[in-house]
Protein chains: 2
Amino acid sequence: MSEVYGVRRGRLRDRCAAAGSAAVLVSRPANVRYLAGAAPPGAALLLGGREDVLLCPPGPEGDPPSGRPDDGLRIAVLPAGAADPVVAAAELAQGAGAPALAVEEHHLTVARHRAVAAAAPRVRIADLGLAVEQQRIVKDDDEIASLRIAAEITDQALGELLESILVGRTERHLALELERRLVDHGADGPAFPTSVATGPHSGLQGHRPSDRRVEEGDFLSVSLGANYRGYRCEIGRTFVIGTSPADWQIELYDLVFAAQRAGRQALRPGTAYRDVDHAARQVLDAAGHGEHLAPRTGHGVGLEIGEDPQLAPAAMGKLDACVPVTVEPGVHLPGRGGVRIDDTLVVRQEADGGPELLTITTKELLAL
Amino acid sequence: MSEVYGVRRGRLRDRCAAAGSAAVLVSRPANVRYLAGAAPPGAALLLGGREDVLLCPPGPEGDPPSGRPDDGLRIAVLPAGAADPVVAAAELAQGAGAPALAVEEHHLTVARHRAVAAAAPRVRIADLGLAVEQQRIVKDDDEIASLRIAAEITDQALGELLESILVGRTERHLALELERRLVDHGADGPAFPTSVATGPHSGLQGHRPSDRRVEEGDFLSVSLGANYRGYRCEIGRTFVIGTSPADWQIELYDLVFAAQRAGRQALRPGTAYRDVDHAARQVLDAAGHGEHLAPRTGHGVGLEIGEDPQLAPAAMGKLDACVPVTVEPGVHLPGRGGVRIDDTLVVRQEADGGPELLTITTKELLAL
């Protein structure tokens, strides 16, 4: 397991050397974690100097960097009062004689970038761009194994909630209970803020749980996911509260289900991101819901929720095998509520059985 | 209540106009919230163009910006596919004929700053620096009222935990229970990740709860706080588990208590930040614990936990009245554990009774 980080760093160093930057300074936390196996808050990773170094800010007393970086990486905990780790890294790169240093201009603030440049006046500061984010899109077996466990935990937490009494409880309490159950089952924490939306709130993406209580006849939509060893998955389901759903609820549910299935079925290596989005979107569009749809119907998952690829109308690029994504269309009718259905899947070759569904909670319309 | 945001914006506009920037672009979320009363994720606030405008990214369908900005502020939700709100704000500033635009270089990334400059080539882009952060240091009555409620909620959550059985439970579960109780009592959420540290972990600042279980004879230190309407407070207490503390535990507790009291007693308008730190630090230093102390013994609280002022040896500046701060010295003995004691207080004139203690849970050494 520990060799994997060294291999990833080697790939990035090779790519940057080919682009003219001998040294690379990575500061975005998810990218640091991907390349070093750990990302203490504020740490910076310098590659291609004399050696690879993870520079950590002076931490709370006695707290070692979390995680377990592999052997090819030196860990330097800066003394109290030391400069920002990115500045210390720039000094180190200059000391090692690096002619150029690629930094993450999409992560460094203007103020920190200026401090980096001032600390290494003999080094040309270049832009690393999204090189690490791109390298992260296709996952290896260990990463997919972590996502699979994250999905199992998520399914367990959701399954337990469905067995409990829901009527009369608030969105806020249901969300807290789901998060507690995620941790009970071994999650490091929720992958993102758990959303529970009842009645008129149902079907809203990213709805923040309120004090509204679950009522008979409500749609109830939930969105949650576990963070397991840094890997984050996502599931969304919509249920109906009471004995039998109303006709409009059944119709709307069937429509969103059809859209979500169309999106899932479009997940094949070589398919354009926008075509996956289109497959799901056109079902809702044809039924007259096109105007108020979310800007994307899915996205990549991994060390971040919502990482690339984006499944959206203007997205550029094509799916590869071993890319985990969500497919999550939804419709919300103002004042009435709505439906969201969301799965995490891994893109696979058809010869390998097609997309691998990680979140396996049923997508039948359950009346709870 | 709603007028307060307009007054804050007016003060900032005046200050910036005096410094040569007619228009101001605020992007740091806590600063946007301070000036607009709401900060939808990714929103940007433009002041001093034709009018004050809060530009919000195209949100999840149907979700209005949270909070309730006052009347003098226009809210513009950008259409799907629109540019980054900071870029849209720069275009607006140029359209309004602003000669200069001050931006937050400590928040904008290099990539976003470049996009801002490219969108408004006829505008000189200047640095706003920490102007809003400085304006936020002294709190008004409404802000202090929110902090007072946050502290009440925090005391309640902690008090309930103390009445429950602790032995045998894990740090992780105790932390989750505290966070649930915070929300039960009306918090919008925890102000920061709750820390529960037992036995050898006790006394470590920012310890991440583990699966270690509480044992007889342990020190147990907890650190938590409520977020109420965006305002965040902090409390830290250390307890002993079992009937009677050991001699070393009593000694260490008394020492940290004396240091914390010295810090609290130094809170007076006009006192240098570093002198408050010194008052607490010297007590621990004199007892031989100087080497491993945290870099600061307290900090400001408000819309962010850990905002300015910093109570640290090299901090520049002096306390004002109506500045809420923490006083939180601690000692950790590797392998044995330690003690942290942390309160949130508001600096007040002596004529007004001296520092106002917001977190009133007892600081006696309780055996639980």
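Under an unreviewed UniProt entry, the name given to chain A is Aminopeptidase P family protein, and the organism recorded is Streptomyces genisteinicus.

Our focus in this paragraph is the pairing of strand β1 (residues 23-26) of chain A. Residue and element names in this part refer to chain A. Of the two faces of β1, the one lined by Ala23 and Leu25 and the one lined by Val24 and Val26 are each fully buried. Here β1 pairs with strand β5 (residues 100-103) via three bridges, running parallel. By the bridge assignment for β5, Ala23 is matched with Leu101. Sheet topology places β1 next to strand β2 (residues 44-47); three bridges connect them, and they run antiparallel. Residue Val24 lies in a different strand from β2, and its bridge partner there is Leu47.

Residues and elements named next belong to chain B. The residue Asp342 is located in the loop between β17 (337-340) and β18 (343-346) in this model. The side chain of Asp342 is buried and forms no salt bridge, while Arg340, the nearest opposite charge, is found at 6.1 Å. In this structure, Asp342 is in contact with Glu234, Ile235, Gly236, Arg237, Gln260, Thr326, Val327 and Glu328, ignoring residues within four places of it in sequence.

On to the sheet that holds strand β10 (residues 226-228) of chain A. One key point about sheets: their strands pair by backbone hydrogen bonds, in either a parallel or an antiparallel sense. All names here are of chain A. Strand order in the open sheet formed by three strands is β7-β10-β11, with antiparallel pairing between adjacent strands. With partners counted over all chains shown, the strands left at the sheet margins are β7 (189-190) and β11 (231-232), one partner each. As judged from the two bridges shared by β7 and β10, these two strands associate in the antiparallel manner. When the bridges of β10 are listed, Gly189 appears paired with Asn227.

To continue, consider helix α7 (residues 171-184) of chain B. For α7(B), which comprises 14 residues, the first-to-last C-alpha distance of 20 Å matches the rise-based estimate of 20 Å (1.5 Å per residue) to within 8%. With 10 of 14 residues buried, α7(B) lies mostly within the body of the structure. What α7(B) keeps buried is the set Glu171(B), Leu174(B), Ala175(B), Leu176(B), Glu177(B), Leu178(B), Glu179(B), Arg181(B), Leu182(B) and Val183(B). At its buried positions, α7(B) is contacted by α7 (171-184) of chain A together with α6 (141-162), β7 (189-190), β8 (195-198), β9 (219-224) and β10 (226-228) of chain B. Positive phi appears at Gly186(B), one or two residues downstream of α7(B), with a value of about 110°.

All chains considered together, the criterion is met by 51 salt bridges over all chains. Here Asp52(A) and Arg13(A) are joined by a salt bridge, their closest N and O atoms 2.5 Å apart. Here the residue Asp52(A) occupies a position in strand β3 (residues 52-56), and Arg13(A) occupies one in helix α1 (residues 3-18), the gap between them amounting to 39 residues. Judged by its relative accessible area of 8%, Asp52(A) is buried. The class for Arg13(A) is partly exposed, based on a relative accessible area of 28%. Residues Arg181(B) and Glu160(B) are paired through a salt bridge, measuring 2.7 Å at the closest nitrogen-oxygen approach. One end of the pair, Arg181(B), is in helix α7; the other, Glu160(B), is in helix α6, with 21 residues separating them in the sequence. In this structure Arg181(B) comes out as buried when scored by relative accessible area, which is 18%. The network of salt bridges with shared partners includes Arg28(A), Glu133(A), Arg136(A), Lys139(A), Glu304(A) and Glu307(A).

Interface size is commonly expressed as the accessible surface area that is lost when the partners come together. Taken together, the contacts link 32 residues of chain B with 34 residues of chain A. When chain B packs against chain A, close to 2500 Å² is buried across both sides, 53% of that on carbon and sulfur atoms. Applying the counting criterion to the chain B and chain A interface returns two salt bridges. A salt bridge links Glu105(A) to Arg114(B); the shortest N-O distance between them is 2.3 Å. Inspection of the region where chain B meets chain A yields 11 residue pairs in polar contact (both at pLDDT 80 or more). The element contributing the most residues to the side of chain B that touches chain A is α7(B), with six residues.

Turning our attention to the relation of the copies chain B and chain A. Superposing chain B onto chain A takes a rotation of 180° combined with a translation of 0.1 Å along the rotation axis, leaving an RMSD of 0.0 Å. In short, the pair behaves as if placed about a two-fold rotation axis. Within chain B, Thr109(B) has its C-alpha nearest the rotation axis, a separation of 1.9 Å. Mapped onto chain A, 100% of the interface residues of chain B are again interface residues, and the two copies thus contact each other with one and the same surface.

This paragraph deals with the sheet that holds strand β11 (residues 231-232) of chain B. Residue and element names in this part refer to chain B. Overall, antiparallel pairing links the three strands, which are arranged β7-β10-β11 in an open sheet. In this open sheet, the two strands that pair with only one neighbour each are β7 and β11. Sitting on the sheet, α6 is in contact with β10 and β11, with an inclination near 145° to β10.

Further remarks concern the packing of aromatic side chains. All names here are of chain A. Considering all chains together, one arrives at two aromatic pairs over all chains under this definition. Measuring from centroid to centroid gives 5.5 Å for Phe219 and Trp248, while their planes differ by 80°, and the two rings are edge-to-face. Here Phe219, found in strand β9 (residues 219-224), pairs with Trp248, found in helix α8 (residues 247-265); they are 29 residues apart in sequence, far enough to count as distant. Note on Phe219: relative accessible area 2%, which makes it buried. Taking NZ or CZ as reference, Arg336 lies 4.4 Å from the ring centre of Trp248, over its face.

A separate point is the pairing of strand β17 (residues 337-340) of chain A. The two faces of β17(A) match: Gly337(A) and Val339(A) on one face and Gly338(A) and Arg340(A) on the other face are all buried. What sits between the antiparallel neighbours strand β16 (residues 330-333) of chain A and β17(A) is a turn of three residues, in which Gly335(A) has the positive phi angle 85°.

All names here are of chain A. Domains assigned within chain A are domain 1 (3-136) and domain 2 (141-357). Each of domain 1 and domain 2 has a C-alpha centre, and the two are 35 Å apart. Between domain 1 and domain 2, the residue contacts involve six residues of the former and seven residues of the latter. At the boundary of domain 1 with domain 2, total buried surface from both sides reaches about 630 Å², with 41% on carbon and sulfur atoms. Where domain 1 touches domain 2, the interface holds four salt bridges. For Arg8, the salt bridge identified is with Glu143, shortest N-O distance 3.7 Å. Taken together, the connections running from domain 1 to domain 2 amount to four residue pairs in polar contact (both at pLDDT 80 or more). The element best represented in the side of domain 1 that touches domain 2 is helix α2 (residues 29-36), accounting for three residues. Its residues placed into classes, the side of domain 1 that touches domain 2 shows two nonpolar, no polar and four charged.

With that settled, the discussion passes to the packing of α8(A) against helix α9 (residues 273-289) of chain A. Residues and elements named next belong to chain A. Taken N-terminus to C-terminus, the directions of α8 and α9 make an angle of 155°; their axes are 7 Å apart at the nearest point. The orientation of α8 relative to α9 falls into the category roughly antiparallel. The element α8 and its partner α9 pack so that their crossing is right-handed. Here Leu252, Leu255, Val256, Ala258, Ala259, Ala262 and Gly263 of α8 come into contact with α9, specifically with Val276, Ala279, Ala280, Val283, Leu284, Ala287 and His289.

What follows concerns the environment of Ala100(A). Residue and element names in this part refer to chain A. Inspection of the secondary structure puts Ala100 in strand β5. Considering only alpha carbons, one finds Ala100 and Arg112, 12 residues apart in sequence, at a separation of 17 Å. Contact partners of Ala100, with chain neighbours within four places excluded, come to Gly20, Ser21, Ala22, Ala23, Val123 and Arg124.

This part is about the environment of Gln282(A). Residues and elements named next belong to chain A. Residue position: Gln282 is located in helix α9. A relative accessible area of 41% means that Gln282 is categorised as partly exposed. Gln282 sits 20 residues away from Ala262 along the chain, and the two C-alpha atoms are 9.3 Å apart.

Cut-offs and rules
Residues numbered from 1 in each chain as written. Chains lettered and ligands numbered in written order. Predicted model: local features only at pLDDT ≥ 70, side-chain atom pairs only at ≥ 80, totals over all residues. Heavy atoms only, no water. Buried < 20%, exposed > 50% of the residue type's maximum accessible area, 1.4 Å probe, protein only. Helix = DSSP H or I, 4+ residues; strand = E, 2+ residues; numbered from the N terminus. Pairing = 2+ DSSP bridges. Lys, Arg positive; Asp, Glu negative; His and termini not counted. Salt bridge = Lys/Arg side-chain N within 4 Å of Asp/Glu carboxyl O. Contact = heavy atoms within 4.5 Å. Expected span 1.5 Å × (residues − 1). Buried area = accessible area lost by both parts, 1.4 Å probe. Polar contact = N/O pair within 3.5 Å; in protein donor to acceptor, adjacent residues only side chain to side chain. Least-squares fit on C-alpha atoms with pLDDT ≥ 70 in both. Axes fitted to C-alpha atoms, helices over the stretch in contact; angles between N-to-C directions. Phe/Tyr/Trp six-rings, centres within 6.5 Å; stacked < 30°, edge-to-face > 60°. Lys NZ or Arg CZ within 6 Å of the ring centre and 35° of its normal. Domains from an automatic or database assignment. Nonpolar A, V, L, I, M, F, W, Y, C, P; charged D, E, K, R; others polar. Parallel < 35°, antiparallel > 145°, perpendicular 65-115°, else oblique. Left-handed = near helix turned anticlockwise from the far one by under 90°.

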